[in-house]
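# Structure at a glance
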Amino acid sequence: MQRKTNIPLPLLPQQLYQSCDHEQLAFRTTAELEDLTEIIGQMRAMDAIRFGTGIRHDGYNLFVLGPSGVGKNSMVRRFLEQKAGDETKPDDWCYVNNFAQHHQPQVLRLPSGRGKALHSRMEQLVEYLRSAIPALFEGDEYRAKAGAIQEEFGSRQEEAFSELGEEAGKQQIALLRTPEGFAFAPLRDGEVIPPDEYEKLSDDDKKRVEAAIVELQGRLEKIMRQMPQWRKERHERVKQLDRETTLSVVDHLVNEIKESYADLPQVLNYLDQVRQVMVDNADDFRKQEETATVGGMTVVTHQTFNQYKVNVLVSNGKQAGAPIISEDNPTYSNLVGRVEHISQFGALVTDFTLIKPGALHRANGGYLLLDIRKVLSQPFAWEGLKRALHTREIRIESLGQMYSLVSTVSLEPQPIPLDTKVILFGDRMFYYLLQEYDAEFGELFKVAADFEERIDRNADTHMLYARLIATLSRREGLLPFDRSAVARVIEHGARLVEDAERLTTHMRSIADLLREADYCSREAGHGVVDADNVQCAIDAQIRRQSRLRERLHEAILRDTLMIATQGDVVGQINGLSVLSLGDFAFGQPTRITATTRLGDGEMVNIEREVKLSGAIHSKGVLILSSFVASRYAKNQPLAFSASLVFEQSYGMVDGDSASLAELCVLLSNLANAPIRQSLAITGSVNQFGHAQAIGGVNEKIEGFFDICAARGLTGEQGVLIPAANIKHLMLRHDVVAAAEAGRFHIYAVESVDQAIALLTGLPAGEANAKGLYPAGSINRKVAERLHELTEIRKTLARPPAKKRAAKKKTD
C-alpha cells in the first residue's frame, strides 16, 4: 500500500510573527526600571577581555572580534575604566639634553606627576639665572676681584720691565718704549746719546755698549716670552673667578632642586651635569644676544637655553589610575612618536625639545585601543606596532632613517621601555586573515574576544532589553518608553537577526531606533514613547532607503519586468531573491524558466555559461541535476538536456536559495504539469530532495506579497518556504493580517515532493516496492517522459533496417 505525500497546510498567524508578551514586562514605562549594569549576552567575550587584561605576560594582547555596531568599543572601554581606576598610575617620561652627545637625548623616568614639576623647576632656574648672573657680574664685588687680578698681573709686568730698566740704567743703557715696542739706547749723564755723538765714541766704548745691549736684549726677550703665560694665567684666574661667581648663585639653586629628587639617582646625575655645564658656560647668561651677518643682513639671535629644558613626553599626574588611550589616526609617527624640525635661515634644525610622543608613549603603563582596519591602512604602522611589542621598547626614529632613505643628521633618542596592553578592534575577517598570513600575529595577540551578534529570546532577555532601553533613554535624554514600545523594540530586535527565537546585540541599530522613536513621539506631542511611535520610526527608516525597491516593484507592476501572479504555466515559476543595499534589504520575485529536450543528461545553467553565476548557485544546479539522475535514472542513462535561466536578470546570481524553485520548474517541464503562478517559492535542496533553510525569508515573502497586494489579493496567492525557516519568521503586520484573513498563504515544505504538489495541484507520488509511481502523479509523468526520451535515443542509435539486412547477407 502506498503512502501519500502529505501536502502542508498554510501556516497559522501565530507562526508568522512571535509577539512579545506584555505580561512579561512588569512595568508601565522604562522610567521605573534601573539602569543596566551588566552586558547582554557577551559573557564569552567579556571573560576573554577580563583574562587578557589581567594576565601580565608577553604576547597577551587582545583582538576584539565582531561586526561594527555591536558595542565592542564602548563595552571594552567601560570595563577598562572600572579596572584602570584601581591600578597604579604609570611613571612620567621626560627627555633631557645629553651634554656629552647632543644627538642622543637621554630619557628620565620619574614618578607620576614629578616630571612636570621638574620641568617647572628647571624653567624657573633658567629664568632666574638669566637676570641673576648678569647682575652678579656687574656687581662691585666681582669688579673688585676682577680688577685685583688685572692689577696683579699688570704690576708683575711693570715690575719686570722696571727691574730691566734699572739694570740697564746701571750700565748706562736706557730702556725705551716706542709704538713699535721696546728698544735700548746708550746714555751719557742720564741723556740718550744722539747717533752722531755715538759715532764719536771709541771702539772700546762701542763694544761695551753693544755687549750690554745684547745682554739686556736677551733678558727683554725672556720677559716677552713670559708675557703670554702671564696673560694665560690671568685669563684662567678670571675664568676661575667667573666659575666661582656663577657657582655661588647656581650651586644652592641646583641643590634645592636635588633635595626634591634625592630618591632619584638618575635625576641627581642629570642635575650635576646641568650645574657643571652652567658653570662652564656662564658667558651664555652674560651675553644673551649675538649678531651675525647672513646674506648681507645683520641678524640678532637670542639665547634660548633649550639645553637646560626638560621635555615632558608623558605626564600622568592629573588622571587617576592607568591611562586608556584610543588613537583614531594610527599613522606610524602617531603610534611611536616623532622628531619635529623648525626652519632657521633656510635649514631644518631640531633638538630634544622637539621630540613628540606617540600613542604608545601615552598608553605606556595602561591600555591602547586601535582599529585594525585603520592600522593596516597606514603605511608602516602595523610593522612599527609589532616591532615595539616585540622589543618591548619605543624607539623614535623617522622612516627615512629606518629605511636609509635620507642621510641627514638627526636625533637618536634613547628608547623608552614599553609596558602596555594593546587592544585591537575589527571584523572577524581581519583576525583570521592575520592569523593565516602574519606569523608574528599569533605571538603578539594571543587573546581573542569574540562578540556575539545575537542572544536567546526569552522572558529574562526581554527584561534585560527593557533595562537597556531605560539606560539608553536616560543617558541620551529620551522620553520614557511604555510597555508596548518596549515590546515593539524587542520584536524588531528579533527581525534584525531574522530569527523569532533570538534578539540582536547590534546596539547601534537599537540606539538609532530609540532616538528616532523619541523624535516621532515628540513630533506627535506625546510625553511617553508608545508602540505606534516605534513603528513610525521603523517605517521612516524603510522609506528613506526604499527608492530602488519602489522602482523595481513599479517595473513589475507595469509589466516591464514580467512576473505573473495568476494563471498556470508549464516550465515557469516565481523564484524569490533578496537585494541588499547597505543596511537595507528587500525581496523581489524573479521569473525562472526551464526547457528540456532530447540529449545526454547535460544541465545547462545559462547564468553560468555567460559567467553571471556565482559558485554557490552553480553548486545548487549541480545538486538538483544529481537529484534528478538518482531518482529517475538509476538503471538507465538520462536521455534529456535542460536549460535553466533567471529571466530578465542582468547581474550576478549567487546563492542556492533558488535551487528548490529550479528543480520544481524542471519537473514541471518534464511532466508537462503547469505551475500556479499565484505562488512563489524559495529554498535550497539537497541530493535527496529535502528542502533546506535559506536567508532573507521575511524579505522574500514580503517582496512577493507587495506585488500581489498591489494587483489585488485573491486568496490564491502565497509563498512556499522550507519548514526549517518557520522559526525565522517575523513578518510585517499587514502580511500577517492578510494571512489571518485567508487572502495570502505561507506554506512550509520539507521536500521537493510537497513543493511540486502544492505548485501543480497534482500529487507527487511515491514509488512502490517495484519502483513504480502512481498513475497521474508528477513523478510518474516525469519517469514516463524520461523513458520516452530514452526509447527515442535508442531508436536513433540503431542503424536503419536496410543496413542491418545488408550486413547480415554479407556475413
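The present account deals with the structure reproduced in this document. (Residues numbered from 1 in each chain as written. Predicted model: local features only at pLDDT ≥ 70, side-chain atom pairs only at ≥ 80, totals over all residues. Heavy atoms only, no water.)

This part is about the sheet that holds strand 18 (residues 421–426). Read from one edge of the open sheet, 5 strands run 10-15-18-1-19, paired in parallel fashion. Here the strands that pair on one side only, and so sit at the sheet edges, are strand 10 (324–326) and strand 19 (447–450). For this sheet, the mean angle separating the axes of adjacent strands, direction not counted, is 20°. In terms of strand pairing, strand 1 (residues 62–65) meets strand 18 through 4 bridges, oriented parallel. Directly across from Leu62, in strand 18, lies its bridge partner Ile423. (Pairing = 2+ DSSP bridges. Helix = DSSP H or I, 4+ residues; strand = E, 2+ residues; numbered from the N terminus. Axes fitted to C-alpha atoms, helices over the stretch in contact; angles between N-to-C directions.)

Time to look at unusual backbone geometry. Despite not being glycine, Glu498 has its phi angle at roughly 55°, a positive value. Along the chain, the position of Glu498 falls in the loop between helix 18 (483–496) and strand 21 (502–504). The exposure class of Glu498 is partly exposed, given its relative accessible area of 27%. For Gln648, which is not a glycine, the phi torsion comes out positive at approximately 55°. With respect to the helices and strands, the residue Gln648 is situated in the loop between strand 26 (640–646) and helix 24 (659–671). (Buried < 20%, exposed > 50% of the residue type's maximum accessible area, 1.4 Å probe, protein only.)

Next up on the list: the packing of helix 24 against helix 28 (residues 778–797). It is at 8 Å that the axes of helix 24 and helix 28 come closest, and there the two elements cross at 65°. Between helix 24 and helix 28 lies a crossing whose hand is left-handed. Contacts between helix 24 and helix 28 involve Leu667, Leu670 and Ala671 on the former and, on the latter, Ile778, Lys781, Val782, Arg785 and Leu786. Of the residues in the contact of helix 24 with helix 28, the class split is 6 nonpolar, no polar and 2 charged. (Left-handed = near helix turned anticlockwise from the far one by under 90°. Contact = heavy atoms within 4.5 Å. Nonpolar A, V, L, I, M, F, W, Y, C, P; charged D, E, K, R; others polar.)

Attention now goes to the nonpolar core. Core analysis: the largest hydrophobic core is formed by 81 residues, its most contacted members being Ile701 and Phe744. Other than its neighbours up to four places away in sequence, Phe744 contacts Ile701, Phe704, Phe705, Cys708, Leu713, Gln717, Gly718, Val719, Val735, Ala738 and Ala739. Counting residues in each nonpolar core, the second largest holds 46 residues, with Met603, Val628, Ala633 and Phe646 among its members. (Core = buried A, V, L, I, M, F, W, Y, C linked by side-chain atoms within 4.5 Å.)

Moving on to the side chain of Asn686. With respect to the helices and strands, the residue Asn686 is situated in the loop between strand 29 (684–685) and strand 30 (691–692). On the accessibility criterion, Asn686 (17% relative accessible area) is buried. Within polar-contact distance, the side chain of Asn686 engages the backbone nitrogen of Phe688 at 2.9 Å. Within polar-contact distance, the side chain of Asn686 engages the backbone nitrogen of His690 at 2.9 Å. If we ignore the near neighbours within four places in the chain, the residues touching Asn686 are Ile623, Phe627 and Gln692. (Polar contact = N/O pair within 3.5 Å; in protein donor to acceptor, adjacent residues only side chain to side chain.)

Relative to the helices and strands, Asp86 resides in the loop between helix 3 (72–84) and strand 2 (92–96). Residue classification places Asp86 among the exposed positions, given a relative accessible area of 73%. When the C-alpha positions of Asp86 and Ile792 are compared, they lie 87 Å apart, and in sequence the two are 706 residues distant.

Bringing the pattern of salt bridges into the picture now. Under the definition given, this model contains 41 salt bridges. The residue Glu87 makes a salt bridge to Lys83 at a minimum N-O spacing of 3.5 Å. Here the residues in one salt-bridge network are Arg495, Glu699, Glu702, Asp706, Arg732 and Asp734, joined through shared partners. (Salt bridge = Lys/Arg side-chain N within 4 Å of Asp/Glu carboxyl O.)

Checked against the element boundaries, Asn725 lands in the loop between strand 31 (718–722) and helix 26 (733–740). Of note is the side chain of Asn725, whose polar atom sits 2.9 Å from the backbone oxygen of Ile694. There is a polar contact of 2.9 Å between the side chain of Asn725 and the side chain of His728. Contacts of Asn725, omitting those with residues within four sequence positions, involve Gln692, Ala693, Ile694 and Val697.

Right, let's get into the pairing of strand 26. In terms of residue burial, strand 26 counts as a mostly covered element, since 7 of its 7 residues are buried. A two-sided burial pattern is seen for strand 26, the buried positions comprising Phe640, Ala642, Leu644 and Phe646 on one face and Ser641, Ser643 and Val645 on the other. Strand direction decides the pairing type here: strand 24 (residues 584–598) and strand 26, joined by 7 bridges, are antiparallel. For Ala594, the partnering residue across the bridge sits in strand 26 and is Leu644. When strand 25 (residues 603–605) meets strand 26, the two strands line up parallel, connected through 3 bridges. Within strand 26, the position partnered with Val604 by the bridge is Ser643.

In this section: the sheet that holds strand 3 (residues 106–110). Taken together, the 3 strands give an open sheet; going across it, the order is 3-2-9, and neighbouring strands pair in antiparallel fashion. The open sheet has two free edges, formed respectively by strand 3 and strand 9 (311–314), since each of these has just one partner strand. Across the sheet, the mean angle from the axis of one strand to that of its neighbour is 30°, orientation sign disregarded. Of the pairings in the sheet, the one linking strand 2 to strand 9 comprises 3 bridges and is antiparallel in character. For Cys94, the partnering residue across the bridge sits in strand 9 and is Val312. The sheet strands contacting helix 8 (residues 265–280) are strand 2 and strand 3, and the helix crosses strand 3 at an angle near 130°.

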